[in-house]
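A structural walkthrough
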Amino acid sequence: MRKRNESVTVEHERASAAPAPLDKGCSLRHSLRLPAAADSGMKRPLGRRYGLWFRLQKLIIWLLGVYLAIPFLVKLCPAIQAKLVFLNFVRVPYFIDLKRPQDQGLNHTCNYYLQPEEDVTVGVWHTVPAALWKNARGKDQLWFEDALGSSHPVILYLHGNAGTRGGDHRVELYKVLSSLGYHVVTFDYRGWGDSIGSPSERGMTYDALHVFDWIKARSGDNPVYIWGHSLGTGVATNLVRRLCERETPPDALILESPFTNIREEARSHPFSVIYRYFPGFDWFFLDPITTSGIKFANDENVKYISCSLLILHAEDDPVVPFHLGKKLYNIAATSRSFRDYKVQFVPFHTDLGYRHKYIYRSPELPRILR
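Residues numbered from 1 in each chain as written. Predicted model: local features only at pLDDT ≥ 70, side-chain atom pairs only at ≥ 80, totals over all residues. Heavy atoms only, no water.

The name given to the protein in an unreviewed UniProt entry is Lysophosphatidylserine lipase ABHD12, and the organism recorded there is Steatornis caripensis. Per its UniProt entry, the protein bears the Sequence similarities (unreviewed entry) comment "Belongs to the serine esterase family." The Subcellular location (unreviewed entry) comment attached to the protein in UniProt states, word for word, "Endoplasmic reticulum membrane". (UniProt positions renumbered as here; feature names shortened; annotations may be inferred.)

1. Notes on the packing of aromatic side chains
Counting across every chain of the model gives 15 aromatic pairs. Seen from their ring centres, Trp283 and Phe284 are 5.0 Å apart, and the 75 degrees between their planes marks the pair as edge-to-face. The class of Phe284 is buried, set by a relative accessible area of 8%. Cluster of aromatic residues (ring-pair linked, three or more members): Phe86, Phe187, Tyr189 and Trp192. Sitting over the face of the ring of Trp283, Lys75 holds its NZ or CZ atom 4.2 Å from the ring centroid. Positioned above the aromatic ring of Trp143 is the side chain of Lys139, whose terminal nitrogen or guanidinium carbon lies 5.7 Å from the ring centre. (Phe/Tyr/Trp six-rings, centres within 6.5 Å; stacked < 30°, edge-to-face > 60°. Buried < 20%, exposed > 50% of the residue type's maximum accessible area, 1.4 Å probe, protein only. Lys NZ or Arg CZ within 6 Å of the ring centre and 35° of its normal.)

2. Observations concerning the UniProt feature "transmembrane region" (unreviewed entry) in the protein
Listed under "transmembrane region" (unreviewed entry) in the UniProt record, and renumbered for this structure, are residues 52–74. For residues 52–74, the end-to-end C-alpha separation is 33 Å, with 100% helix and 0% strand making up the annotated structure. (Helix = DSSP H or I, 4+ residues; strand = E, 2+ residues; numbered from the N terminus.)

3. Topic: the environment of Ile155
On the secondary structure map, Ile155 appears in strand S3 (residues 154–158). Each C-alpha atom, one on Ile155 and one on Ala252, is 9.5 Å from the other, the two residues being 97 residues apart in sequence. The contacts of Ile155, once residues within four sequence positions are left out, are Leu177, Tyr182, His183, Val184, Val185, Tyr225 and Trp227. (Contact = heavy atoms within 4.5 Å.)

4. Overview of the pairing of strand S7 (residues 308–314)
Counting buried positions over the seven residues of S7 gives six, a clear majority of the element. Bridge count between strand S6 (residues 252–256) and S7: five bridges; the pairing is parallel. Residue pairing for S7: Ala252 is matched across the bridge by Ser308. Note that S7 and strand S8 (residues 343–348) share six bridges and pair parallel. Paired with Leu309 across the strands is Val343, a residue of S8. Running through helix H12 (residues 322–333), the crossover from S7 to the neighbouring parallel element S8 is right-handed. (Pairing = 2+ DSSP bridges. Right-handed = clockwise from strand over helix to strand, strands pointing away.)

5. Some remarks on a nonpolar patch on the surface
A contiguous nonpolar patch, built from Trp53, Leu56, Leu59, Ile60, Trp62, Leu63, Val66 and Ile70 and spanning about 770 Å² of accessible area, is present on the exposed surface. Within the fold, Val66 resides in helix H2 (residues 19–76). Exposure remark for Val66: the relative accessible area of 33% places this residue in the partly exposed category. (Patch = residues over 30% accessible without salt bridge, like charges linked within 9 Å, V, L, I, M, F, W, Y side chains within 5 Å. Areas by Shrake-Rupley, 256 points an atom, 1.4 Å probe, with all protein chains shown as cover. Salt bridge = Lys/Arg side-chain N within 4 Å of Asp/Glu carboxyl O.)

6. As for the nonpolar core
Ranked by internal contacts, the top residues of the largest apolar core, which has 65 residues, are Phe86, Leu156, Leu158, Phe187, Ile226, Leu253 and Phe296. Leaving out residues up to four positions away in the same chain, Phe187 has contacts with Val122, Gly123, Val124, Leu156, Tyr157, Leu158, His159, Arg165, Asp207, Ala208 and Val211. Counting residues in hydrophobic clusters, the runner-up holds 25 residues, among them Ile155, Leu177, Ala314 and Val346. (Core = buried A, V, L, I, M, F, W, Y, C linked by side-chain atoms within 4.5 Å.)

7. Observations regarding the sheet that holds strand S1 (residues 109–117)
Pairing within the open sheet is mixed, and its eight strands lie in the order S1-S2-S4-S3-S5-S6-S7-S8. Looking at the sheet topology across the chains shown, the edges are occupied by S1 and S8. Taken over all neighbouring pairs, the strand axes of this sheet differ in orientation by 20 degrees on average, direction set aside. Note: S3 against strand S4 (residues 183–187), four bridges, orientation parallel. Note on S4: the bridge partner recorded for Val154 is His183. (Axes fitted to C-alpha atoms, helices over the stretch in contact; angles between N-to-C directions.)

What follows is the structure, given as structure tokens:
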């Protein structure tokens with residue numbers, strides 16, 4: 001009996017004792033797991049927010065570092081500013097063969113190569129007037145050169161920075177001028193397109209002078225006009241000033257979207273907005289341009305030019321501000337060199353949307369040129 005009672009007692013104790021570890025285990029798991037889940041739920045959003053804010057801080061610091069480093073880099077390497085002025089490394093449109101102007105819809109255009117200096121070669125396009133289109137088909141360079149002596153005026157077109165003589169808006173202008181009865185001769189300065197050489201203001205001006213003399217040697221008494229666009233206006237006034245000084249001025253000078261000088265243009269350019277109020281802006285950004293020998297001083301050149309002048313400028317021009325073209329006109333209109341010549345300024349209203357390079361679309365252009 002005692003043994004049985006003892007065994008019952010032991011079994012009873014074991015039975016009553018058995019749930020204790022389970023309950024203890026459950027309570028332990030409960031006490032361990034639930035707080036851990038709650039802690040991880042709180043840490044994840046906090047961790048994400050902290051990581052995002054940390055990355056944002058790093059990005060801001062990095063951008064600030066770049067912003068502060070660029071002015072010093074430009075100052076130490078003036079060649080950077082020269083590259084940004086010329087943009088000759090930007091070739092738009094890409095993948096076109098400049099030897100084949102007919103691929104751009106210019107079936108009445110011939111491609112030449114002239115050599116202004118040793119080790120310098122410039123690619124030239126010559127588009128004949130619409131009246132000669134049929135005769136021009138299949139003709140060689142000699143025929144096109146002789147055609148310059150026909151009774152049609154010639155326009156030497158000096159394009160702006162970036163791109164090539166095959167740029168879309170430039171090609172469209174050649175077509176318009178050709179339809180109005182002009183020969184159009186244009187070329188890529190040394191370092192642009194397929195022209196060989198290193199770009200510089202002096203070199204660009206000399207290239208233009210060489211092409212002008214080449215035209216005059218073949219055009220006889222036909223009028224020759226010089227048309228400059230954007231940066232090409234700086235080349236145009238450099239050229240015409242030299243021609244006037246040697247007493248062989250062109251019959252007229254046409255400036256499309258001109259500026260006063262390269263320093264004022266650089267200060268007004270959209271790219272300079274983020275640095276325009278930076279301390280020492282002129283010293284950091286404009287002085288290196290001058291150090292590189294780049295001036296394109298239209299405002300000074302017009303004081304020495306003696307031929308008719310026409311200025312075309314769109315009010316909504318985002319690249320060369322309208323007020324710079326107007327300022328150049330005011331300088332030219334009061335210059336003694338123009339007292340015997342006509343100086344005209346033609347604005348194009350903002351509503352027309354001609355901006356920097358679409359003045360060729362104006363239906364008024366034939367009347368204006370006449």
